[in-house]
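# Results of the structural survey
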Number of protein chains: 4
Amino acid sequence: MFEYLTAGESHGPRLTAIIKSLPAGLKIELDQINEQLYRRQQGYGRGGRMKIESDKVIINSGLRHKKTLGSPLSMTVENKDWQNWLEIMAPDKERAEAVEALTNPRPGHADLPGALKYNQLDLRNILERASARETAARTAVGAVARQFLNELDINIYSHVVQVGNIKSKTWNQIKADSPERFSSEAAKEQYFAELDKTPLRCGDGQKTAEMIELIDSWKENGDSVGGVFEIVVSGVPVGIGSHVHWDLKLESRLAAQLMGLQAIKGVEIGAGFKGAAMPGSEVHDEIYYDKEKGFFRSSNQAGGIEGGMSNGEEIVIRLAMKPIPTLAKALETADLISKEKRTAAKERSDVCAVPAASIVGEAVTASVIAQSCSSKFGGDSMEEIRRNYESYLEYLSNF
Amino acid sequence: MFEYLTAGESHGPRLTAIIKSLPAGLKIELDQINEQLYRRQQGYGRGGRMKIESDKVIINSGLRHKKTLGSPLSMTVENKDWQNWLEIMAPDKERAEAVEALTNPRPGHADLPGALKYNQLDLRNILERASARETAARTAVGAVARQFLNELDINIYSHVVQVGNIKSKTWNQIKADSPERFSSEAAKEQYFAELDKTPLRCGDGQKTAEMIELIDSWKENGDSVGGVFEIVVSGVPVGIGSHVHWDLKLESRLAAQLMGLQAIKGVEIGAGFKGAAMPGSEVHDEIYYDKEKGFFRSSNQAGGIEGGMSNGEEIVIRLAMKPIPTLAKALETADLISKEKRTAAKERSDVCAVPAASIVGEAVTASVIAQSCSSKFGGDSMEEIRRNYESYLEYLSNF
Amino acid sequence: MFEYLTAGESHGPRLTAIIKSLPAGLKIELDQINEQLYRRQQGYGRGGRMKIESDKVIINSGLRHKKTLGSPLSMTVENKDWQNWLEIMAPDKERAEAVEALTNPRPGHADLPGALKYNQLDLRNILERASARETAARTAVGAVARQFLNELDINIYSHVVQVGNIKSKTWNQIKADSPERFSSEAAKEQYFAELDKTPLRCGDGQKTAEMIELIDSWKENGDSVGGVFEIVVSGVPVGIGSHVHWDLKLESRLAAQLMGLQAIKGVEIGAGFKGAAMPGSEVHDEIYYDKEKGFFRSSNQAGGIEGGMSNGEEIVIRLAMKPIPTLAKALETADLISKEKRTAAKERSDVCAVPAASIVGEAVTASVIAQSCSSKFGGDSMEEIRRNYESYLEYLSNF
Amino acid sequence: MFEYLTAGESHGPRLTAIIKSLPAGLKIELDQINEQLYRRQQGYGRGGRMKIESDKVIINSGLRHKKTLGSPLSMTVENKDWQNWLEIMAPDKERAEAVEALTNPRPGHADLPGALKYNQLDLRNILERASARETAARTAVGAVARQFLNELDINIYSHVVQVGNIKSKTWNQIKADSPERFSSEAAKEQYFAELDKTPLRCGDGQKTAEMIELIDSWKENGDSVGGVFEIVVSGVPVGIGSHVHWDLKLESRLAAQLMGLQAIKGVEIGAGFKGAAMPGSEVHDEIYYDKEKGFFRSSNQAGGIEGGMSNGEEIVIRLAMKPIPTLAKALETADLISKEKRTAAKERSDVCAVPAASIVGEAVTASVIAQSCSSKFGGDSMEEIRRNYESYLEYLSNF
């Protein structure tokens, strides 16, 4: 369940996604999918396209009267720009002579390796699919998974903790600053909800101002900007994932899907690289027991995952996004055909897409967690899943 | 091809691995598998067990007269220690009364989440499989993949670049220091081969001394030590992996299997997190063309992967390993049954296993690259694969 | 490659299919996809719906200027009838009061087990997806695979050999009758092409008349009609599939996808059940060698598959289709809610769909063969696949 | 869960199997695995090998004190004959000159297609893995699945219904003869248990005598004998499998694994091919409701599966096994190297293995049902699975 395929080129007619199977009887609100699509299109530093596209999802199957049927959920997101690309991207027409081939591969993109792998003489045949436009489909998929997780009281948040070389506090640091503040889920929800109103999804106003300044100045210089964001998953019970095989480990599944996002070049769970520099006694989260809470920790260096399994604490993942490889200050390249020196092709592009990537990261994380929950709890209807889920929670509380 | 399962508990009778299918006619030297098993058992900071076990592989199937049959290759590594665990780990006897349950879960291990997930009252039922002992099986599997890759002139290296908070130079830095030095594959091979004779698989003697000092002093303090290592894959042609789906992306597959290694908490490709802080114009590797070399780069911030595909440059991956969670200075924990305050159980353990992890990292990387090569080149016999491979290389050189 | 998902309810807005990946540079003619959709809608004994729907495919992605990009190919088939179901099947509206629940489960359908499994009180929530309408999507997918196979000179045919209890000759019998007649591929192509002009896709006019009579008389009696059809795949080289694991065996893959077709209750390869009654010396196809042809057989009881692999002869599969479970003469059932005795619900339906099923069978077979060819030959562009394919054929001819 | 790999050549050192994951806390009796291995080696018409091998399983991992750990269960079955094959099948020695290549491919075997596919000049390199010896590993795997299913009160039986052209009654016919006789599970268990004491696992003594006579006379003639067997699964609750995708359909999964058995050329569910000849009103099983039993049927033409799902009735599958392709009366063939006319190689072999195949069929069916149950009920420990399972049964009884 919650496995999916996406399809679609950046300037083709539309994006499609199929979620292979779902529990029946899950209430799905289109507004909530569209809200995620909207969130993905925000953020300071986006290019013109975000104004063109205001993505809305269309449901093709799997939903009836707002409830899932258990059958594959198919969704479409139309590319609003498509009317301008009818000739260039025509699926079912011979190539018109007027359609020019792109032959200047952009460093940092799929352009060149893709053209060589797939034997293509027009880079557009590669870059259209490699584009981050595809993440709109994954965002829609994740928005469905999120509605499922919400039914199990699992919440997924994110924030930006670095833009260029300006760093703001991580979630662990923020919580350490005011330990009481986030003891309730409502407080977390509110904190992260507020971020959606900020330009960069960063909770530190001062740092945000510096980040914006950096974006502006690098942009002026024809450059692009990367950064780092964190994803926080709250409410995952202990025991999702498994230690018995690498491909069942929760961190393996998260890393696979998150590293599979465009422009992501690094993944950390919990303390990550920083933890590698610390002595063991400072890294491992000691175990306590409380009648009410059961087993718990007072630190979370593990990022909520031990031995391939959720340990009941928040899951905290940090992702490094490289600067967007399409620059105004074009890089040097070589023509695909003539092999002569060129400057790289410029597609319309964003300068900084870290806030957007954090939303996509939430979506992808939602899919992974929903998949792993389905494996553990089984069930074909929401009633059955809830029954199995609650009986497991009860078992845990009696352990 | 090259997909596999491993099985085996740390103190059970033996480890098993099955590689599902292989090209027929691949020459496999057992010595080369055993050499990798040996490399995995070296390194300063290992515990007593490494002296007990000197792993040797037994071939159960799939090989005849030193050549693969195409059929599943099954391998066994006996646990030499097994004679001491006959009662405690007996598969097929009722539990003897004398066998005591472990009930003090170790922070940072699978112990507690595993016991809760699988409903176990003896932590040994979890920790035996979660143990890094399992990586001996993955090392054997990777040693087979490596012999296949060598036939395609693909080489896999690694070195340790950080132990505790002592950092030495990364591969990119080392190469930048003497750009001519590593222009031949033989020079790289020699450099990395020399590392096997050093105590920590780090090429910087001065730093190694500091690292050893750190290990000694932290050990004295009852603490354990993590670190960072790099894996370098040389000779991968452009076009392995794909941009079209997340699960076909080479970085996704690498991250999945590497993050699925015990104690790994962070994965970076190329510049990774550092790249997130840099302007785009400094991150993306400009593209050049040379008649002899074809398309090439003069930098490698991408770590050899763009848009989900190898780009013909070296693949460079950096892994963060947390300190081993079994400490002499025992951490606080709570008894699984009584819930009372305890100190964590101490299994015999290493203090620092970063060099060993780097060998396992090589092995796992070999499996991933071999899998992705198989998808691209097809073929059922080595002759067929070589034919397809060479015709692709020729196509590339004529592109 | 050629793996796919379909989505879509029978009376929902539309069907969707995504083929996960394809070789780049494959020429795809929409007309050829639509032709297969048309073929699927023909045949004596179909109900009214076939006149409503004249299926046409829309390409959403993966194709540019009639050539595949290697990226996922997404296709849509609109349900023409959708305008009449806007309220009843609305994905994103609360259920209108006027929408009545179906509560009389039809014997032989997914209705009852589906309702119980998915906890549904309206059988429509199950039957909409279980309907054979879904096979339109699989036909479109198969039509893409078929265009790929044609490039490798692999052809897929089918014919009906039984309707109700009227049997006509099997392909093996037809060939035995005039051994010379089908020595050329062109002759086979012509023979099967002619069948498309007949009412039941059966080559025996006399038997066809009897079959029509049977359909008419059973229909009059309020009954429905099943039958048997054969699929013949010509041009598959020796060595597709594998003997090393059950899930790599060609007959396993074929059986899985074909038994996964609506109403199919039996699958035979070659002599099948008849072969079980014969002595070994009459069942196994003796092996001959001819300089021109290489190794060959003069009989084909194996149906072209030995030990999980194609053996170079025609692949011959026979499928048993049960009578359509929606009958005019309604069967006895029990109300899902009240549990009272009822007669089964009647959706508009065909009386006999064996000819249609044979077309879907061709499509599904094409997908399986294309998948297995992709595994064997690798390659990302048609040029690369053809190169690998031809070098294998050359190797075979020199063996 | 219950996914597995097997490995092993017929005359290699040993067979291995790894079951990827299992619920923890499942009691496994080795005796019950060995009993299945024993059953597989019985039956009139077996060759000399069955006396050489008396298979016993060794557990390598995944089990402790007779209970599963949730971790991979690895099993070994030694090839007792191995000592006679040390040189010929040596995995890790260069080929001795004395080892002769087999070059006469046997019709009906994997020999020829395998040699061509994998580019082998010694047919032994193919036939060793293609041999039905491999099914001992699958029998062991299935014996584990069976012990799991027994915990859920699901039982798996089989009997032989045809040997050569001698047919005895099918399970449906036997039950129709004395409808009351098999109303209790105990009665079924006893009936099928008795079959293990008969020479051919057929319940009709008269027919058995005829079958034996046929085996004897065909054997004398140098020929081999095939047949048909049925598998009956009792106690599967409604709702296992799914209608939403072909690869989730229970009949698809069963057909895939059963058609993936050596020598199986046909699979039928329920009425199968016979149903294709009947009018719909006689094929579809009418639905009744009874307070005690819930929904039920008074016939079972569907073989317990409707629309891809179990419907609560017995699952009945019929398999056609071709005669063993190794004959005393050798068939004509052509030498692999010289291409000259030859008679086919004779490996030591059985004359009739239908009873053995029925045991393997039970095993494979057990694996499929256990996999599908795991998907539906989730759970990581037997307690959790039983909890989920029982709450589903209770839901069903209250539907």
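The rules behind these values
Residues numbered from 1 in each chain as written. Chains lettered and ligands numbered in written order. Predicted model: local features only at pLDDT ≥ 70, side-chain atom pairs only at ≥ 80, totals over all residues. Heavy atoms only, no water. UniProt positions renumbered as here; feature names shortened; annotations may be inferred. Helix = DSSP H or I, 4+ residues; strand = E, 2+ residues; numbered from the N terminus. Rg over C-alpha atoms; globule rule 2.2 N^0.38 Å. Buried < 20%, exposed > 50% of the residue type's maximum accessible area, 1.4 Å probe, protein only. Contact = heavy atoms within 4.5 Å. Areas by Shrake-Rupley, 256 points an atom, 1.4 Å probe, with all protein chains shown as cover. Lys, Arg positive; Asp, Glu negative; His and termini not counted. Charge placed at Lys NZ, Arg CZ, Asp CG, Glu CD. Axes fitted to C-alpha atoms, helices over the stretch in contact; angles between N-to-C directions. Left-handed = near helix turned anticlockwise from the far one by under 90°. Nonpolar A, V, L, I, M, F, W, Y, C, P; charged D, E, K, R; others polar. Least-squares fit on C-alpha atoms with pLDDT ≥ 70 in both. Arc of directions from axis to C-beta. Pairing = 2+ DSSP bridges. Buried area = accessible area lost by both parts, 1.4 Å probe. Salt bridge = Lys/Arg side-chain N within 4 Å of Asp/Glu carboxyl O. Polar contact = N/O pair within 3.5 Å; in protein donor to acceptor, adjacent residues only side chain to side chain.

Under an unreviewed UniProt entry, chain A has the name Chorismate synthase and belongs to Halanaerobium polyolivorans. In UniProt, chain A has this text filed under Catalytic activity (unreviewed entry): "5-O-(1-carboxyvinyl)-3-phosphoshikimate = chorismate + phosphate". Taken from UniProt, the Subunit (unreviewed entry) comment for chain A reads in full: "Homotetramer."

Moving on: the overall build of chain A. Counting secondary structure elements, chain A contains 13 helices and 17 strands. Since a compact globule built from 399 residues should have a radius of gyration of about 21 Å, the 22 Å found for chain A is in line with a globular shape. Overall, chain A is about 75 × 50 × 40 Å in size when its C-alpha atoms are taken along their principal axes. For chain A, the residues scored as buried account for 70% of the 399 residues in total. When contacts within chain A are restricted to residue pairs at least 6 apart in sequence, those whose partners lie at least 24 apart make up 71%. Of the roughly 12,700 Å² of accessible surface on chain A, 48% is carried by carbon and sulfur atoms. Taking the average place of the 49 positive charges on the side chains of chain A and the average place of its 55 negative ones, the gap between the two points comes to 2 Å.

It is worth spelling out the UniProt feature "binding site: NADP(+)" (unreviewed entry) in chain A at this point. Residue and element names in this part refer to chain A. Here the UniProt-annotated "binding site: NADP(+)" (unreviewed entry) positions come out as Arg-40 and Arg-46. Residue placement: Arg-40 occurs in helix H1 (residues 30–40). Look past the residues within four positions of Arg-40 in its chain and what remains in contact with it is Arg-46, Asp-55, Ala-132, Arg-133, Thr-135, Ala-136, Thr-139, Ala-356, Ile-359 and Val-360. Along the chain, the position of Arg-46 falls in the loop between H1 and helix H2 (49–52).

This part is about the packing of helix H9 (residues 250–259) of chain B against helix H12 (residues 354–377) of chain B. Residues and elements named next belong to chain B. H12 packs onto H9 with a crossing angle of 145 degrees between their chain directions and a minimal axis gap of 10 Å. In the crossing of H9 with H12, the sense of the turn from one axis to the other is right-handed. Facing H9, whose interface residues are Leu-250, Arg-253, Leu-254, Gln-257 and Leu-258, H12 presents Gly-361, Val-364, Thr-365, Ser-367, Val-368, Ile-369, Gln-371 and Ser-372. Partitioned by chemical class, the residues of the contact of H9 with H12 number six nonpolar, six polar and one charged.

By a simple turn and slide, chain D fits onto chain B: the slide is 0.0 Å along the axis, the RMSD is 0.0 Å, and the turn is 180 degrees. Accordingly, the operation relating the two chain copies is best matched by a two-fold axis. Looking at chain D, 100% of its interface residues are interface residues in chain B too, so the copies touch through the same face.

Turning our attention to helix H7 (residues 185–195) of chain A. All names here are of chain A. Listed as buried for H7 are Lys-188, Tyr-191, Phe-192 and Leu-195. An end-on view of H7 places all buried positions within 85 degrees of arc, on one side of the element. Counted as exposed and oriented over 90 degrees from the buried face of H7: Ala-186 and Gln-190. Residues of H7 that are buried sit in contact with strand S7 (155–163), helix H6 (171–177) and strand S9 (227–234).

Our focus in this paragraph is the UniProt feature "binding site: FMN" (unreviewed entry) in chain A. Residues and elements named next belong to chain A. Look at the UniProt record and you will see "binding site: FMN" (unreviewed entry) annotated at Arg-129, Ala-130, Ser-131, Gln-262, Ala-263, Gly-307, Lys-322, Pro-323, Ile-324, Pro-325, Thr-326 and Arg-348. Examined against the element boundaries, Ala-130 turns out to sit in helix H4 (residues 124–130). Residue class for Ala-130 comes out buried when judged on its relative accessible area of 15%.

This part takes up the sheet that holds strand S3 (residues 57–61) of chain C. All names here are of chain C. Reading across the sheet, the four strands line up as S1-S2-S6-S3 and stay open at both edges, with antiparallel pairing between neighbours. The open sheet has two edge strands with one neighbour each: strand S1 (4–7) and S3. For this sheet the average axis-to-axis angle between neighbouring strands, irrespective of direction, equals 20 degrees. Bridge count between strand S2 (residues 14–19) and strand S6 (residues 73–78): six bridges; the pairing is antiparallel. Pairing of Ile-18 across the sheet is with Ser-74, part of S6. Strand contacts of helix H1 (residues 30–40): S3 and S6, with the helix running at about 135 degrees to S3, the strand carrying the most contacts. In the packing of helix H5 (residues 135–151) onto the sheet, the strands contacted are S1, S2, S3 and S6, and the crossing angle to S2 comes to about 35 degrees.

A few words now on the interface of chain A and chain B. On the side of chain B, 102 residues touch chain A, which itself brings 102 residues to the contact. By the criterion of area lost to chain B, the three top residues of chain A are Trp246(A), Lys265(A) and Phe273(A), representing 10% of everything that side buries. At the boundary of chain A with chain B, the tally comes to zero salt bridges. Linking chain A with chain B are 45 residue pairs in polar contact (both at pLDDT 80 or more), by the criterion used here. It is helix H3 (residues 111–118) of chain A that provides the largest number of residues to the side of chain A that touches chain B, a total of seven residues. Split by residue class, the side of chain A that touches chain B holds 51 nonpolar, 31 polar and 20 charged. As judged from the three bridges shared by strand S10 (residues 264–269) of chain A and strand S10 (residues 264–269) of chain B, these two strands associate in the antiparallel manner.

Here we come to the environment of Lys67(C). Residue and element names in this part refer to chain C. With respect to the helices, strands and loops of the structure, Lys-67 is situated in strand S5 (residues 67–68). Classification of Lys-67 by relative accessible area gives partly exposed; the value is 40%. Expressed as a C-alpha distance, the spacing of Lys-67 and Pro-237, which sit 170 residues apart in the sequence, is 26 Å. Ignoring anything within four residues of it in the chain, the contact list for Lys-67 reads Gly-25, Leu-26, Lys-27 and Gly-62.

With that settled, consider the relation of the copies chain A and chain B. With an RMSD of 0.0 Å, chain A superimposes on chain B once it is rotated by 180 degrees and translated 0.0 Å along the axis. The fraction of interface residues of chain A whose copies in chain B are also interface residues reaches 100%, indicating that both copies meet through the same surface.

This part takes up the interface of chain D and chain B. Residue-level contacts link 51 residues of chain D with 51 residues of chain B. Buried surface at the junction of chain D and chain B, both sides included, amounts to about 4,400 Å², of which 53% is carbon and sulfur. When the buried surface of chain D facing chain B is broken down by residue, Leu5(D), Arg64(D) and His65(D) rank first, second and third, together holding 18% of it. Scanning the region where chain D abuts chain B turns up six salt bridges. Note that Lys27(D) is salt-bridged to Glu94(B), the shortest N-O span being 3.5 Å. At the junction of chain D and chain B, the tally comes to 30 residue pairs in polar contact (both at pLDDT 80 or more). Those elements that provide at least two residues to the side of chain D that touches chain B are strand S1 (4–7), strand S2 (14–19), strand S3 (57–61), strand S4 (63–64), helix H3 (111–118), helix H4 (124–130) and helix H13 (382–398) of chain D.

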